Amino acid sequence: MEGGSNREAVTTNILNAATRGTGGSWSVNTPLTHLLVSTSFERPLLRPVTVGSSIYNDTQSSRSFVYTNTAFRQFATYKFAQKTPKLSFGLYMRLSGFRSMDHSFDFVAVEAGGDFLVVNFQDRGSGLAYRVHTLDQNNVGPGGAGLGVPVPVAQNKTYWITCLWDKANLVATLKVYDPETWLLVGTSTNVTLSRDAENICIGRYDNHGGAVQNSSTYFDDLIWDVTGASYPLFPASRTIVANSAARAAVETAYSSASSGDTVLIPSGSNAWTSSLNLSKASVTISGMGSNTCIITNISGGNATFNVTGAFTTISNLQITGIPGGNNGQGVSTETKYVRLSHLLIRELADGTFFNGYGLIDHCIFINCSHMGRHFGYSPGGGVVRAEQYPLPFNSTNYVVWEDCGIEITPNMTSSAGSSIVLFSSQEAASYIVRHSNIKVSKLNIAPAFDYHGNDPGIANLRGVCGGQIYKVNFTIVPPATFYGKFVDVRGGQLLVYSNTITGFDVLDNVYLREEDSANPPTDRVENTYVFQNFEGPSGTSPMAPIVDPGAASKIVLNTHFFTRAPSGSYSSWSLPYPHPWTGGVAPTNGAPVQPVAPRSLRIIAR
């Protein structure tokens with residue numbers, strides 16, 4: 001998109017000059033008075049791209065395209081030399097000036113004999129969103145016109161949009177990524193498409209009468225793969241394969257990675273004697289599966305991975321310590337927005353040790369002294385954390401363990417101590433455990449979930465703890481005992497609901513107390529909701545919260561805590577499930593009912 005002058009109408013000559021590669025030709029459906037060359041909001045490729053024998057580095061790029069949305073149905077079409085049953089494409093897109101007028105627009109399209117896949121944009125009063133829109137005249141699958149779920153986006157922000165046309169599987173998919181972090185914003189799919197793709201269109205494709213307004217849509221770096229083999233299709237991101245699972249090999253691969261890249265660890269087992277520091281933003285470390293890619297931590301108490309680069313993802317591998325050693329950490333973080341996914345973490349002192357925010361989803365934890373620990377004192381200090389509190393229940397500024405399996409087996413050694421805490425927080429840390437299964441077959445649990453409120457001596461973090469525990473299935477198997485509390489909260493706000501605890505012999509329920517003796521206390525429990533929790537041998541007896549006798553005058557029912565759901569809609573007081581970072585689709589069923597947690601407590605392999 002480097003030809004032409006600023007605000008010049010796009011022509012086939014400009015399109016041909018801007019196109020790398022061969023195998024097709026450009027045309028326009030009408031003179032393009034509203035698809036223009038622009039010098040605004042150009043985005044460079046991540047790194048050089050090879051097309052045929054030519055290398056394009058995009059270092060001198062200065063142009064994008066813009067569609068001024070005061071007219072409709074003007075677009076340019078690139079017709080492929082051969083039809084293709086599978087096609088992927090991607091491009092940067094940016095919206096500006098839309099005014100929530102309840103309109104719908106199609107800006108990029110793939111056509112096939114009258115059928116299509118389009119990037120549909122919704123300009124609604126409720127917000128802006130992209131979604132996939134298809135037409136399949138063969139009526140395969142749902143047939144007819146189909147719409148995927150909307151993916152909410154913001155104006156005046158550039159996104160990477162990538163789509164897949166997949167005839168064999170009868171599916172059209174749209175994914176939206178934030179190119180500042182390369183985190184997935186959301187996915188929209190529709191099950192249809194039964195013809196071979198013929199061309200790709202850019203501009204405004206729809207003919208929605210009356211849907212015009214003074215607004216602009218910017219496009220840059222449109223790329224496509226006519227084989228469809230690359231999806232999601234990124235602007236030249238790479239997968240760098242380490243030579244082995246050895247720490248030195250992984251570090252060598254990581255040293256050549258840039259933002260948006262993935263470092264792939266091959267199958268195999270290896271012992272690491274020191275931490276691998278992950279300091280680069282937006283890089284993914286992925287194994288070949290938690291059954292086949294195994295890293296043993298023999299570092300003498302250090303973390304296997306120490307993460308200081310924001311938006312790091314670690315997935316699809318196993319991190320294990322020495323059985324009975326109760327030593328070392330799986331992953332330690334000192335930054336925000338870290339995601340751990342599809343990991344097996346076992347036989348460590350701390351499975352995960354978080355400072356800052358993060359997401360741990362679809363992971364298995366076995367025989368760790370602490371499955372998760374969260375310290376709120378992240379870089380920036382206590383003042384930064386205090387300014388963020390109190391956290392609303394629907395915020396992503398928590399560490400979230402979601403769709404996980406946690407287990408202490410009969411093989412767990414007593415060297416972990418006679419009583420252990422599964423999840424704990426200190427220094428005003430705030431964490432969520434939800435939609436997960438926990439099974440304990442040895443040792444005493446006291447408590448299962450611990451919220452310190454705050455450690456003494458950090459005055460500007462007093463009374464700002466927050467936590468949520470819900471949709472957890474918890475089973476105690478003798479000789480293990482629940483000698484203590486299910487949740488112990490010492491200040492701040494809490495949301496505990498729809499949990500089921502079975503098989504225990506002693507349980508003190510959700511225990512509410514204060515961290516100090518001041519009157520009024522600076523770490524008092526406030527804005528806390530505990531409801532719809534069940535306990536007992538069959539998990540059918542209501543479990544009520546208990547207030548520490550010494551705090552009865554300071555933690556008062558219907559003033560500081562409640563045995564009902566918060567007022568308002570579910571979405572107003574609970575973080576969407578699945579977590580937005582997974583790109584999953586939130587359930588549509590009403591609050592507070594949610595899908596049941598996964599029942600398996602065994603190793604996840606991908």
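Residues numbered from 1 in each chain as written. Predicted model: local features only at pLDDT ≥ 70, side-chain atom pairs only at ≥ 80, totals over all residues. Heavy atoms only, no water.

**Q** What's the story with the overall build of the protein in this structure? I'm lost.
**A** A count of helical and extended segments in the protein gives 4 helices and 50 strands. Excluding contacts between residues fewer than 6 apart, the proportion of contacts in the protein whose partners are at least 24 apart in sequence is 71%. If you sum the accessible surface of the protein, you get close to 22,300 Å²; carbon and sulfur atoms cover 51% of it. (Helix = DSSP H or I, 4+ residues; strand = E, 2+ residues; numbered from the N terminus. Contact = heavy atoms within 4.5 Å. Areas by Shrake-Rupley, 256 points an atom, 1.4 Å probe, with all protein chains shown as cover.)

**Q** So what exactly am I meant to see when it comes to the sheet that holds strand β13 (residues 158-166) here?
**A** Sheets are built from strands that pair by backbone hydrogen bonding, the pairs being arranged parallel or antiparallel. Strand order in the open sheet made by the 7 strands is β2-β5-β17-β7-β13-β14-β15, with antiparallel pairing throughout. Both outer strands of the open sheet, β2 (35-38) and β15 (183-190), are each paired with one neighbouring strand and no more. Within the sheet, the average angular offset between the axes of one strand and its neighbour, ignoring direction, is 30 degrees. Pairing analysis gives 4 bridges linking strand β5 (residues 64-68) to strand β17 (residues 216-225), with the strands arranged antiparallel. When the bridges of β17 are listed, Phe65 appears paired with Phe219. (Pairing = 2+ DSSP bridges. Axes fitted to C-alpha atoms, helices over the stretch in contact; angles between N-to-C directions.)

**Q** How should I be thinking about the pattern of salt bridges in this particular structure?
**A** Taken as a whole, this structure holds 12 salt bridges when the rule is applied. The partner of Asp115 in a salt bridge is Arg195, and the shortest N-O contact between them spans 3.1 Å. Of this pair, Asp115 sits in strand β9 (residues 115-124) while Arg195 sits in the loop between β15 and β16 (197-204), and the two are 80 residues apart along the sequence. When its relative accessible area of 1% is taken as the criterion, Asp115 is described as buried. Between Asp196 and Lys167 there is a salt bridge, with its nearest N and O atoms 3.2 Å apart. With a gap of 29 residues between them, Asp196 in the loop between β15 and β16 and Lys167 in the loop between β13 and β14 (171-178) connect regions that are remote in the sequence. A relative accessible area of 24% places Asp196 in the partly exposed class. Three or more residues joined by partner-sharing salt bridges are found here, namely Asp450, Asp488, Arg490 and Arg513. (Salt bridge = Lys/Arg side-chain N within 4 Å of Asp/Glu carboxyl O. Buried < 20%, exposed > 50% of the residue type's maximum accessible area, 1.4 Å probe, protein only.)

**Q** Please explain the environment of Trp573 as it appears in this structure.
**A** With respect to the helices and strands, Trp573 occurs in helix α4 (residues 570-573). When its relative accessible area of 5% is taken as the criterion, Trp573 is described as buried. Sequence separation between Trp573 and Asn394 is 179 residues, and the spatial gap between their C-alpha atoms is 5.3 Å. Engagement of the side chain of Trp573 in a polar contact is seen with the backbone oxygen of Gly568, the distance being 3.3 Å. (Polar contact = N/O pair within 3.5 Å; in protein donor to acceptor, adjacent residues only side chain to side chain.)

**Q** Can you walk me through the sheet that holds strand β40 (residues 449-451) in this structure?
**A** Taken together, 10 strands build an open sheet; the order of strands is β21-β24-β27-β30-β33-β37-β40-β42-β45-β49 and the sheet is parallel. With partners counted over all chains shown, the strands left at the sheet margins are β21 (276-278) and β49 (546-547), one partner each. Bridge analysis of strand β33 (residues 370-375) against strand β37 (residues 423-426) gives 4 bridges, and the strand direction is parallel. Bridge pairing in β37 links His374 to Ser425.

**Q** Looking at this structure, how should I read the confidence of the model for the protein?
**A** Any residue range with low pLDDT should be treated as having predicted coordinates unsuitable for detailed reading. On average, residues of the protein carry a pLDDT of 84, and 84% of them reach 70 or more. With pLDDT under 50 throughout, residues 380-384 is counted as low confidence; its partners more than four residues away or in other chains account for 4 contacts. (pLDDT = per-residue confidence, 0-100.)

**Q** What is the right way to read the packing of aromatic side chains from this model?
**A** Two measures describe an aromatic ring pair: the distance that separates the ring centres and the angle between the ring planes. For the structure shown, the criterion picks out 35 aromatic pairs. With 5.9 Å between their ring centres and 15 degrees between their planes, Phe105 and Phe107 make a pair best called stacked. Assessed through its relative accessible area of 0%, Phe105 is described here as buried. Geometrically, the ring pair formed by Phe474 and Phe486 is edge-to-face, given 6.1 Å between the ring centres and 85 degrees between the ring planes. Here the residue Phe474 occupies a position in strand β41 (residues 466-476), and Phe486 occupies one in the loop between β41 and β42 (487-489), the gap between them amounting to 12 residues. Judged by relative accessible area, Phe474 falls into the buried class, the value being 1%. (Phe/Tyr/Trp six-rings, centres within 6.5 Å; stacked < 30°, edge-to-face > 60°.)

**Q** Help me understand the nonpolar core in this model?
**A** Soluble globular proteins: nonpolar side chains tend toward being buried together. By size, the foremost hydrophobic cluster in this structure holds 72 residues, and its most contacted members are Phe305, Ile314, Leu422, Phe449, Ile469, Phe474 and Phe486. Of all hydrophobic cores here, the second largest spans 46 residues; its members include Trp26, Val132, Ala172 and Ala197. (Core = buried A, V, L, I, M, F, W, Y, C linked by side-chain atoms within 4.5 Å.)

**Q** Which parts of the structure should I look at to understand the side chain of Thr333?
**A** Mapped onto the secondary structure, Thr333 falls in strand β27 (residues 329-333). Its relative accessible area of 0% is what places Thr333 among the buried residues. Every residue in contact with Thr333, bar those within four places of it in the chain, is listed here: Val307, Val338, Phe353, Phe354 and Asn355.

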